[in-house]
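# A structural walkthrough
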Amino acid sequence: MQRYCSLIRLRPGRRQEYLLLHRSVWPDVEQMLVRANIRNYSIFLHGDLLVGYYEYVGDDHEADQARIAADPRTRQWWTLTDPCQESLAEPGSGHWWAPMQEVWHLNEETA
């Protein structure tokens, strides 16, 4: 299992719209994430920043991410959520959400 965390900013005036959308995420979008080996996906809010965290249980993260990006229903969902967001990713990186580097992790074996 691999952990992934990323960051993005909410656009001014779009906060309530984004939060409302995420009160009822489309079931087929959620199912696509599960089929793409995503588990324990959470999005946290701090001020105007969104922090996304998930655990990946598959063998080919890049291929599974491509499957998600190619899914028509997910793409339709993104037409609603993307305008609410302002990317913090490095220009030209190909990322919408800025990947974050894990600097520390406590697990059961070391606790």
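Structural data are supplied above this passage.
Below: a short report on this structure. (Residues numbered from 1 in each chain as written. Predicted model: local features only at pLDDT ≥ 70, side-chain atom pairs only at ≥ 80, totals over all residues. Heavy atoms only, no water.)

With that settled, the discussion passes to the pattern of salt bridges. Pairs can form between side chains of opposite charge whenever their charged atoms are close. Scanning the model with the defined rule gives 6 salt bridges in all. The salt bridge involving Asp 64 is made with Arg 67; its shortest N-O contact spans 2.9 Å. Pair noted here: Asp 64 and Arg 67 are both in helix H3 (residues 61-70), with a separation of 3 residues, about one helical turn. On the accessibility criterion, Asp 64 (7% relative accessible area) is buried. Residue Arg 67 is classed as partly exposed on the basis of its relative accessible area, which comes to 39%. Each of the salt bridges in this network shares a partner with another, and the network as a whole consists of Arg 9, Asp 48 and Glu 86. (Salt bridge = Lys/Arg side-chain N within 4 Å of Asp/Glu carboxyl O. Helix = DSSP H or I, 4+ residues; strand = E, 2+ residues; numbered from the N terminus. Buried < 20%, exposed > 50% of the residue type's maximum accessible area, 1.4 Å probe, protein only.)

Judged by side-chain polarity, Val 103, Trp 104 and Leu 106 come together as a nonpolar surface patch covering roughly 420 Å² of accessible area. By the secondary structure assignment, Leu 106 is in the segment after strand S5 (98-99). (Patch = residues over 30% accessible without salt bridge, like charges linked within 9 Å, V, L, I, M, F, W, Y side chains within 5 Å. Areas by Shrake-Rupley, 256 points an atom, 1.4 Å probe, with all protein chains shown as cover.)

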